[in-house]
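# Coordinate inspection notes
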Amino acid sequence: MNKVNNNDLPVANNFIRNIITEDLKTGKHTNIITRFPPEPNGYLHVGHAKSICLNFGLAQEFKGKCNLRFDDTNPEKESEEYVKSIEETIKWLGFNWDGEVKHASDYFDKLYEFAVYFIKQDLAYVCDLSAFEMREYRGNLTEAGKNSPYRTRSIEENLTLFQAMKNGEFADGSKTLRLKIDMSSPNINLRDPVIYRIKRASHIRTGDKWCIYPMYDYTHSISDALENITHSCCTLEFEDHRPLYDWVISHLVTAGLLNSHPRQIEFSRLALQYTVTSKRKLNELVQLGLVSGWDDPRMPTLVGMRRKGYIASGIRLFATRCGVSKSPNIVDVPFLESAIREELESKAPRIMAVFDPLKVVLTNFDQGATSRNASFHPQCDELGERLVELSQEIYIDQSDFLIDAIPGWQRLVLGGEVRLRHSYVIKCHEVIKNRAGEILELRCSIDLNTLGKNPEGRKVKGVIHWVSIPHAVKANVRLYEQLFTEVQPDNAEDGRDFKEFINPNSLKEVSAFIEPAIKTAKPEQVFQFERVGYFVADMKDFNATNNQFVFNKTVSLKDGWK
RNA sequence: AGGGGAGUCGCCAAGUGGUAAGGCAUCGGAUUUUGAUUCCGACAUUCGCAGGUUCGAUCCCUGCCUCCCCUGCCA
């Protein structure tokens, strides 16, 4: 962890960097081009953050380029909504792609032309097998497949048929174009893979121009080559596809149709404890109303994390710390949270907020100061200061008072003293209870000689936060816990559905009394509520001018007590 | 079972034929008007297991075990 890229992130060594360094050293490449190729069929999640940081990060570090390319080859699943969100999220994360946004669909003509080439080389044929039949012919993991009866069609017939497919002369699903490779290959991806299917669906970019669409493997390899990608990084499940990736490109390079051969490199996906990241499952959570939407702060989506107050630099730090390898992994939640805290530490203004109010009457308040300037951050003066006002009646948190002290207790106790943060040391003289014995309020006196200095002759160790009742602003705060109660909700030993592990306490809405300084906050601004945690003004619901003070809990502070 | 991968501290993760980086977590201790931050210190005689080669192996060889991925006209 010593080098630094444009985002000022430390760079950890990994096998992909080693490959690039070597390629640059040997002169195989003089500069690199990577790419981030999402399909616009959903919202980006933490796993994508890893890939984004890797691809864009590599380009930055080695002064290369990184393209954003939408892999839009399956119109049925794709939409403009996702395109917009993906672009926005990448920018929010702090990255910029090189040049214009690219699309696999930009290459549809090229892809068609190359398919014709493969047919002419007798390396592709139109197949009439139904989906069911094709599955039968494919064989299985241990048995070889058998050749399609259509495999021997003449080049001329294939040419005619493929054109007819393109012209819409056949029904959806009635024919496919397949590469002629090897039906007995132990690698199933090489058993005459389908590269074109007939699908009458309107495409977000090409509309109804096409009724045949190219498949992923065929499209991706060619798109990478056309963009002169040098290193095509993807996740481990594509390892088996690499031979096909290379097969397609090699043939086209040999034919002089393509002039570069990108290298596909696979790394392991990022998995996080207590969550799921499969698009299908995430979508289920949204559709079933188990969460409020894709941007629900409990979601592992990047829009969700953003709404929770996870700042981009924190996510980048997290991704970098996770590293890149081929080992299976399930990252600890504290690992993520510590990266977020670390980035928030120096950026979040401190403010006081009381969640479970306990009224305290300061009996000799009339002799004290009514307000005091307090820094927004104990170490970073540049964050400025605000006026903290004191009055006779204040709230402290119930958890900061005990009638009788317990071992190690550093907070207020009957007869004891404690420092009010940014203010006086107070001493509790009396506890007022109702008939039921519940504590209603405390009577305390302030030590007038302790403003900005320690009392003489004794040490008051405890410091608690508080808020002046007449000045306090009441806010709604949403407290979050993990969405699931299981470490791996989608991998239960007994095969139970992930939704059975939804945490019933994952969202709790409470109110809090906060210092009036909160009134000038803007949506998406993160604060540290001292001694409690980091909280963000909700992007959508926080509206100071309408007195709607809505906060989401981002992450707790580390707590050494207990 | 066929093919492709992976197994280094509780969680990530470097590393190399020469005697195990770092981060998170954890545990001590110092400072502190946040039990936060910061700062010190501790934390794998050991690298899935068993053999072999070697002066020497986590790194090389052999065998075994465990886990992941692959039988979409998804990506």
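Located above this text is the structure these notes cover.
Report on the accompanying structure. (Residues numbered from 1 in each chain as written. Chains lettered and ligands numbered in written order. Predicted model: local features only at pLDDT ≥ 70, side-chain atom pairs only at ≥ 80, totals over all residues. Heavy atoms only, no water.)

### Considering the overall build of chain A
Scanning chain A from terminus to terminus reveals twelve helices and 29 strands. Its C-alpha atoms give chain A a radius of gyration of 31 Å, more than 25% over the compact-globule value 24 Å for 562 residues. Along the first, second and third principal axes, the C-alpha set of chain A runs to 100 × 55 × 45 Å. For chain A, with 562 residues in total, the buried portion stands at 54%. At a minimum sequence separation of 6, the contacts of chain A that also span at least 24 residues come to 70%. (Helix = DSSP H or I, 4+ residues; strand = E, 2+ residues; numbered from the N terminus. Rg over C-alpha atoms; globule rule 2.2 N^0.38 Å. Buried < 20%, exposed > 50% of the residue type's maximum accessible area, 1.4 Å probe, protein only. Contact = heavy atoms within 4.5 Å.)

### Comments concerning the pattern of salt bridges
Going through the model one piece at a time under the given rule, you end up with 43 salt bridges. In this structure, the salt-bridge partner of E393 is K359, at a minimum N-O distance of 3.3 Å. A residue pair is termed long-range when its members are at least 10 positions apart, and E393 in strand β17 (residues 393–397) and K359 in strand β14 (residues 357–362) qualify at 34 residues. Classification of E393 by relative accessible area gives partly exposed; the value is 31%. With a relative accessible area of 25%, K359 lands in the partly exposed category. Residue R386 is joined to E515 by a salt bridge in which the shortest nitrogen-to-oxygen separation is 2.6 Å. Taken together, the residues R386 in strand β16 (residues 385–389) and E515 in the loop between β26 (507–514) and β27 (526–529) connect sequence positions 129 residues apart. As far as the burial class goes, R386 and E515 line up, both buried. (Salt bridge = Lys/Arg side-chain N within 4 Å of Asp/Glu carboxyl O.)

### Description of the side chain of R17
Relative to the elements of secondary structure, R17 occurs in helix α1 (residues 15–25). Looking at R17, the relative accessible area reads 9%, which means it is buried. Within the local environment of R17, its side chain forms a polar contact with the side chain of N13, the two groups lying 2.9 Å apart. (Polar contact = N/O pair within 3.5 Å; in protein donor to acceptor, adjacent residues only side chain to side chain.)

### Some details on the protein's contact with RNA strand B
Taken together, 72 residues are adjacent to RNA strand B, and R350, R411, R421, G452 and Q528 come closest. Here T73 contributes a side-chain N or O atom positioned 2.7 Å from a phosphate oxygen of RNA strand B. Contacts to RNA strand B include G452, whose backbone N or O atom sits 2.6 Å from a base oxygen. For the surface near RNA strand B, the elements supplying multiple residues, two or more each, are α5 (131–138), β8 (194–198), α11 (312–322), α12 (333–345) and β20 (417–420). Grouping the constituent residues of the surface near RNA strand B by class yields 24 nonpolar, 25 polar and 23 charged. (Near = heavy atom within 4 Å. Nonpolar A, V, L, I, M, F, W, Y, C, P; charged D, E, K, R; others polar.)

### Observations regarding the sheet that holds strand β5 (residues 102–103)
One open sheet accounts for three strands, arranged β3-β4-β5; its pairing is parallel. Single-partner strands in this sheet number two, and they are β3 (33–36) and β5. With four bridges joining them, β3 and strand β4 (residues 65–70) adopt parallel strand pairing. Paired with R35 across the two strands is N67, which belongs to β4. (Pairing = 2+ DSSP bridges.)

### As for empty space enclosed by the protein
Tallying each qualifying case throughout the model produces four cavities of 30 Å³ or more. Taken as a whole, the second largest cavity holds about 190 Å³ of empty space. Lining of the second largest cavity is provided by 17 residues; of these, R298, M299, K308, Y310 and Q482 occupy positions nearest its centre. Elements with a minimum of two residues in the lining of the second largest cavity: α10 (302–308) and α12. Top contributing element to the lining of the second largest cavity by residue count: α12, with three residues. Class assignment of the residues belonging to the lining of the second largest cavity gives a composition of ten nonpolar, three polar and four charged. (1 Å grid on protein atoms, 1.4 Å probe; cavity = no way out; pocket = protein on both sides within 12 Å on 5 of 7 lines; lining within 4 Å. Points joined across faces, edges and corners; volume = space filled by probe spheres on them.)

### Examining unusual backbone geometry
Most of the time, phi is negative for any residue but glycine, and the peptide bond is trans. Even without glycine at this site, D122 takes up a positive phi of about 65°. Among the secondary structure elements, D122 is positioned in the loop between α4 (108–120) and β6 (124–127). Under the relative-accessibility criterion, D122 is labelled partly exposed at 33%. Even without being a glycine, Y274 presents a positive backbone phi close to 60°.

### Topic: α11
The element α11 is largely enclosed, with a buried count of nine among its eleven residues. Taken together, the buried positions of α11 are occupied by A312, S313, G314, I315, R316, L317, F318, A319 and T320. Count one or two residues on from α11 and you reach G323, which has phi positive near 75°.

### Regarding the packing of helix α7 (residues 216–226) against helix α8 (residues 242–254)
At their nearest, the axes of α7 and α8 sit 9 Å apart, and the two run at 55° to each other. On the basis of the axis angle, α7 is oblique to α8. The element α7 and its partner α8 pack so that their crossing is right-handed. Facing α7, whose interface residues are D217, Y218, H220, S221, I222, D224 and A225, α8 presents L244, Y245, V248, I249 and L252. Of the residues belonging to the contact of α7 with α8, the class tally is eight nonpolar, two polar and two charged. (Axes fitted to C-alpha atoms, helices over the stretch in contact; angles between N-to-C directions. Parallel < 35°, antiparallel > 145°, perpendicular 65-115°, else oblique. Left-handed = near helix turned anticlockwise from the far one by under 90°.)

### Quick notes on the packing of α11 against α12
As a packed pair, α11 and α12 sit with axes 8 Å apart at the nearest point and diverge in direction by 135°. Between α11 and α12, the angle falls in the class oblique. For α11 against α12, the interelement crossing comes out right-handed. For the pair α11 and α12, the contacting residues are S313, G314, I315, L317, F318, R321 and C322 in the first and F335, L336, S338, A339, I340, E342 and E343 in the second. Here the contact of α11 with α12 is built from residues that sort into eight nonpolar, three polar and three charged.

### A look at the environment of Y395
Inspection of the secondary structure assignment puts Y395 in strand β17. Expressed as a C-alpha distance, the spacing of Y395 and R280, which sit 115 residues apart in the sequence, is 46 Å. Among all residues touching Y395, those that are not within four sequence positions of it are V354, P357, L358, K359, H465, W466, V467, I469 and F513.

### Here's the deal with the nonpolar core
Counting 39 residues, the largest nonpolar core has I52, F56, I90, L93, M305 and I315 as the members making the most contacts within it. For this core, the secondary-structure elements that each account for two or more residues are α2 (46–61), β4, α3 (80–92), α10, α11, α12 and β28 (533–537). Of all the elements, α2 adds the most residues to this core, at six residues. Here I315 is in contact with A49, W92, L93, L302, M305, Y310 and I340, once residues within four sequence places are set aside. Counting 38 residues, the second largest nonpolar core, distinct from the first, contains A115, V116, I198 and Y213. (Core = buried A, V, L, I, M, F, W, Y, C linked by side-chain atoms within 4.5 Å.)

The values reported here are purely geometric and, on their own, carry no functional implication.
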